[in-house]
Amino acid sequence: MPAFNRGCVVGEVSKLYRSALAVTEICWCLDLDGVLWLADQPIAGSSEAVKMLRAAGFGVRFVTNNSVPTLEQYRSKLGSFGIEIADGEVISSSMAAASLIAPGERVYVVGGAGLREAVASAGAEVVDSSDADVVAVGWARDFNFEIISKALSAILAGARFVATNDDPTYPTPNGLVPGAGSMVRSISYSTGVEPEVSGKPNRAISELLKQSVGSGSVMVGDRFSTDGLFAKRAGMPFYLVLSGVTKDVDPSWDPPPSKVASDLLTLVKGVLN
Ligand SMILES: [Mg+2]
C-alpha cells in the first residue's frame with residue numbers, strides 16, 4: 001500500500017451529489033453488505049476497522065450495490081455503528097443508475113426509497129405509469145406480478161431499461177435472500193430486453209468513483225462478480241473478505257484477490273501492522 005498522499009486533483013463525486021470531498025485521495029473503497037454488516041447486523045470489528053483506516057490517514061468510500069436506503073438512511077445506519085460519514089463518502093448503485101437518466105425524463109421506479117431519491121435528484125420525474133421513458137429497477141421488497149406487468153408494458157413500448165445492479169442474492173444473518181438481479185432478470189426475461197446495469201462492476205458506478213478517489217486505492221468486497229470485477233476494471237487491487245456471500249476463493253477468478261481475510265478487521269490489521 002502506498003503511503004497516504006494528499007496530492008489532489010479537484011473533482012466531484014457526481015453532479016447529483018455535490019460533495020464536500022473536493023479532492024481525490026488514496027482510499028479504501030468498502031462494499032457494505034457482507035463487509036460492514038449483514039442486513040441490520042454489524043459484522044464484528046468492522047467499525048473499528050474503518051476507524052483504524054481513518055486514523056492511519058486513508059480516505060474511505062462506501063461503494064455499494066444496495067439501492068434501497070436513502071443517503072440519510074445510510075448516514076443513520078453507519079452512524080449507529082459508530083461511523084460518521086461526510087457527504088460523498090457513500091456511492092451507491094442508485095446514484096449510478098440516476099447518472100444514466102436525464103433531467104425531465106419520466107421514470108417508472110421499481111425499487112426502494114433510495115432509488116426514487118436518486119432519480120428525483122437527477123431532475124427526472126418519478127411516475128407510476130407504463131408510458132414512462134425509463135424503467136429503473138432495483139431491489140424491491142414488494143416485487144410482484146403487477147410490477148412486472150407494468151415494466152413489461154413500458155419497455156415493450158420503448159422505455160429504456162436501467163438496472164441498479166445484477167446481484168443474484170443478498171446476504172442476511174439468516175442466509176441468502178433474492179437480490180436485485182432476481183427482479184431485474186424476471187423483467188429482462190419477460191421483455192427479451194437486456195438492461196443497462198449501473199452498479200458494480202459496471203461503468204456508471206466506476207465513473208462516479210473515479211471522480212472521487214486517486215490511484216493506489218483498493219476495493220474490499222465479498223463477491224468477485226461485482227467487487228472483484230469492479231476492482232479489475234478500475235485498476236485497483238481487490239481484497240476479498242469471507243464475511244458475506246463468498247466462503248472460499250474460486251481458482252477460476254482472474255485475477256485472484258490480492259488479499260483474502262476472514263473479515264474487514266482482520267484484513268485491516270494485517271495490512272496496517
Ligand atoms: Mg457485498
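Please refer to the structure placed before this passage.
Residues numbered from 1 in each chain as written. Predicted model: local features only at pLDDT ≥ 70, side-chain atom pairs only at ≥ 80, totals over all residues. Heavy atoms only, no water.

On to the sheet that holds strand β12 (residues 196-197). Across the sheet, five strands lie side by side as β7-β6-β8-β9-β12; this open sheet has parallel pairing. What marks the edges here is a single partner per strand, and that holds for β7 (125-127) and β12. As paired strands, strand β8 (residues 134-137) and strand β9 (residues 160-163) are joined by four bridges and run parallel to one another. Looking across to β9, one finds that Val134 is bridged to Arg160. The strands touched by helix α5 (residues 145-156) are β6 (106-110), β8 and β9; relative to β6, the strand with the most contacts, the crossing angle is about 150°. Lying on the sheet, helix α6 (residues 180-191) is in contact with β8 and β9; it crosses β9 at an angle near 160°. (Pairing = 2+ DSSP bridges. Helix = DSSP H or I, 4+ residues; strand = E, 2+ residues; numbered from the N terminus. Contact = heavy atoms within 4.5 Å. Axes fitted to C-alpha atoms, helices over the stretch in contact; angles between N-to-C directions.)

Looking now at the pairing of strand β13 (residues 218-221). With burial as the criterion, each face of β13 is covered, one bearing Val218 and Val220 and the other bearing Met219 and Gly221. Direction of pairing for strand β1 (residues 27-30) relative to β13: parallel, over a ladder of three bridges. If you follow Cys29 over to β13, its bridge partner there is Met219. For the crossover that starts at β13, traverses helix α8 (residues 224-234) and ends in the parallel strand β14 (residues 238-241), the hand is right-handed. (Buried < 20%, exposed > 50% of the residue type's maximum accessible area, 1.4 Å probe, protein only. Right-handed = clockwise from strand over helix to strand, strands pointing away.)

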